[in-house]
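Structural features, examined
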Amino acid sequence: MQGQIVKISSSRHVVYSNGCYYNTIPRGKFRKDKLIPKVGDYVNFNDKSLVIEEILPRKNTFGRPMVSNIDRAFIVTSLVNPNFSLGLLDKFIAHMELNNIDVVICLTKIDLVSPKEYEKIKDVMQYYNNIGYNVVTNNDLLKIKELIRDKTNVFIGQTGAGKSTLLNKLNPSFNLKTGEVSLALGRGRHTTRNVELYEFLDGKVLDTPGFSALDFSIYKKENIKNAFREFSNYTCPFKDCSHTKEEECSIRKAVNDKEILESRYNSYLKFYEEASK
Ligand SMILES: Nc1nc2c(ncn2[C@@H]2O[C@H](COP(=O)(O)OP(=O)(O)OP(=O)(O)O)[C@@H](O)[C@H]2O)c(=O)[nH]1
Ligand SMILES: [Mg+2]
Ligand SMILES: [Zn+2]
């Protein structure tokens, strides 16, 4: 039978197929082949022996979070607790861009900052909106539902940012566990322990455990510029300009002229440094 993995906890792989859930295990050969089944994978499984026999070809697959076949990522970003960080936001965006995943920025905990502070963040978010990203808050439920429809959407972000809370707001029957941030951050604990996939609005949503560390050494330096979509509006005199120290670089000029946000450029330099040759 064919189905989709919707949850993995230790060796238990829950597969959804034709309205039913099956508790399956992967066949032993996967381990030998270093093939790791992930939530979102479409699989062939035996409904008698309850063994996953084959992972069907993937559209895409990630190590962080451990998911496959994603169309769109909601980057859930709290304004406080955990604190707002443009560097971290750029990190998540770049990771998704380099895998051709659509990005939506979703701000949370607006109620916990002063109107003045929120105005400042809104100004910066206008920049992200201008370069083509949807920016929403966790109060824009109708808009978020429109974006979810017909797509497979992963919700990512730091632990305590409010991913599970947002999903519960969208659909209370998800009934996901949410947690106190002070406890989560203080003890390095995650409220959401496993990735879980749910059908929603003719689309799918995946709740994931929070994370903030991402490894750019898996990418090549020359590809990092593709993660910064506003860079494509500029042409440098050198075809292979690295945009790091070249004298006549159009990107560096645009940063100087305040056309490109300085924090974006600094993120670029950081990821470029971390990327492999
Ligand atoms: N004031 C306020 N609190 C919020 C908001 N969104 C989430 N929270 C709170 O933040 C805490 C953490 O929320 P969760 O939804 O568990 O966070 P998470 O991103 O799922 O965290 P992990 O599962 O650990 O990755 C909970 O106590 C929520 O009630 C918000 O917009 N405003
Ligand atoms: Mg959670
Ligand atoms: Zn350049």
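Being a predicted model, the structure only gives us computed values, none of them experimental.

1. Regarding the domain arrangement of the protein
- Looking at the protein, the domain boundaries give domain 1 (2-55), domain 2 (72-207) and domain 3 (219-274).
- Listed per partner, the contact involves six residues of domain 1 and six residues of domain 2.
- Residues of the side of domain 1 that touches domain 2, tallied by class, amount to three nonpolar, two polar and one charged.

2. Some thoughts on the site of ligand 1
- Within the structure, ligand 1 sits among 23 residues, and G162, T165, T178, T192 and G210 are positioned closest to it.
- Of all the elements in the fold, those that place two or more residues in the shell around ligand 1 are helix 5 (163-170) and helix 6 (181-186).
- For the shell around ligand 1, the per-class residue count stands at five nonpolar, 14 polar and four charged.

3. So, the nonpolar core
- One finds I75, I105, C106 and F155 to be the most contacted residues of the largest nonpolar core, which totals 52 residues.
- In terms of residue count, the dominant contributor to this core is helix 2 (residues 86-97) (six residues).
- Setting aside anything within four residues of it in sequence, one finds I105 in contact with I75, T77, L89, Y128, Y133, N134 and V135.

4. Focus on unusual backbone geometry
- The omega torsion across R64 and P65 is -10 degrees, close enough to zero to call that bond cis.
- Here N81 and P82 are connected by a cis peptide whose omega angle stands at 0 degrees.
- By the secondary structure assignment, P82 is in the loop between strand 6 (72-78) and helix 2.
- Of note, the phi angle at L50 is positive, near 55 degrees, even though the residue is not glycine.
- With respect to the secondary-structure elements, L50 resides in the loop between strand 4 (42-46) and strand 5 (51-55).
- One non-glycine residue, N175, lies in the positive phi region at around 50 degrees.

5. Concerning helix 5
- Listed as buried for helix 5 are K163, S164, L166 and L167. Around the axis of helix 5, the buried residues are gathered within 160 degrees of arc, so they sit on the same side.
- Against strand 6, strand 7 (102-108), strand 9 (152-156) and strand 11 (203-207) lie the buried residues of helix 5.

6. Section: helix 9 (residues 262-274)
- With 13 residues, helix 9 ought to run about 18 Å at 1.5 Å a step, and its terminal C-alpha atoms sit 19 Å apart, in line with that.
- When we look at burial in helix 9, the residues that qualify are R264, Y265, S267, Y268 and F271. In an axial view of helix 9, the angular spread of the buried residues amounts to 155 degrees, which keeps them on one side of the axis. Facing away from the buried side of helix 9 by more than 90 degrees, the exposed set consists of E262 and E273.
- Of the surrounding elements, those touching the buried residues of helix 9 are helix 2, helix 7 (221-224) and helix 8 (250-256).

7. Examining the environment of T244
- Its location among the elements puts T244 in the loop between helix 7 and helix 8.
- It is 13 Å that separates the C-alpha atoms of T244 and E274, two residues lying 30 residues apart in sequence.
- In contact with T244, other than residues within four places in its own chain, are L269 and Y272.

8. Section: the pairing of strand 4
- Burial along strand 4 is one-sided: the face carrying V43 and F45 is buried and the face carrying Y42, N44 and N46 is not.
- By the bridge criterion, three bridges tie strand 1 (residues 2-9) to strand 4 in an arrangement that is antiparallel. From the neighbouring strand, Q2 faces strand 4, where its bridge partner is N44.
- Pairing geometry for strand 4 and strand 5, over four bridges, is antiparallel. Its bridge partner being in strand 5, N46 is matched across the sheet by V51.
- From the end of strand 4 to the start of strand 5, which pair antiparallel, there are four residues, and L50 there has a positive phi angle of about 55 degrees.

9. Topic: the packing of helix 2 against helix 9
- The N-to-C vectors of helix 2 and helix 9 enclose an angle of 60 degrees; their axes lie 10 Å apart at closest approach. Classified by the angle between their axes, helix 2 and helix 9 sit oblique to one another. Between helix 2 and helix 9 lies a crossing whose hand is right-handed. For the pair helix 2 and helix 9, contact is made by L86, G87, D90 and A94 and by S263, R264, S267 and F271, respectively.
- Per-class residue counts for the contact of helix 2 with helix 9 are three nonpolar, three polar and two charged.

What counts and how
- Going along each chain's sequence as written, the residues are numbered from 1 onward.
- The order in which chains are written sets their letters, starting at A; the order in which ligands are written sets their numbers, starting at 1.
- Where local features are concerned, this predicted model is filtered to residues with pLDDT of at least 70; where side-chain atom pairs are given and counted, the filter is 80 or more; whole-chain, interface and lining totals use all residues.
- What marks off one domain from the next here is an automatic or database domain assignment.
- Working definition of a contact: two residues with C-beta atoms, positioned from the backbone, lying within 7 Å.
- Amino acid classes used here: Ala, Val, Leu, Ile, Met, Phe, Trp, Tyr, Cys and Pro are nonpolar; Asp, Glu, Lys and Arg are charged; the rest, including Gly, are polar.
- The C-beta atom of each residue is placed using the backbone, and any residue whose C-beta lies within 6 Å of a molecule or strand is treated as near it.
- Numbering of helices and strands starts at the N terminus; helices are DSSP runs of H or I of at least 4 residues and strands are runs of E of at least 2.
- Note on definitions: a nonpolar core is a set of buried residues drawn from Ala, Val, Leu, Ile, Met, Phe, Trp, Tyr and Cys, linked by C-beta atoms within 7 Å.
- Exposure is read from a count of other C-beta atoms within 10 Å of each residue's own; the residue is exposed at 12 or fewer, buried at 20 or more and partly exposed in between. C-beta atoms are placed from the backbone.
- Starting at the helix axis, one direction is taken to each C-beta atom, and the arc is that of these directions.
- The span one expects for a helix is its residue count, reduced by one, times 1.5 Å.
- Any two strands with at least two DSSP-identified bridges between them are counted as paired.
- To obtain an axis, a line is fitted to C-alpha atoms, over the contacting stretch when the element is a helix, and the angle between two such axes runs from 0 to 180 degrees between their N-to-C directions.
- Oblique is the label for any angle not under 35 degrees, not over 145, and not in the 65 to 115 range, which are roughly parallel, roughly antiparallel and roughly perpendicular in turn.
- We call a crossing left-handed when the near helix sits turned anticlockwise from the far one by less than a right angle, and right-handed when that turn is clockwise.

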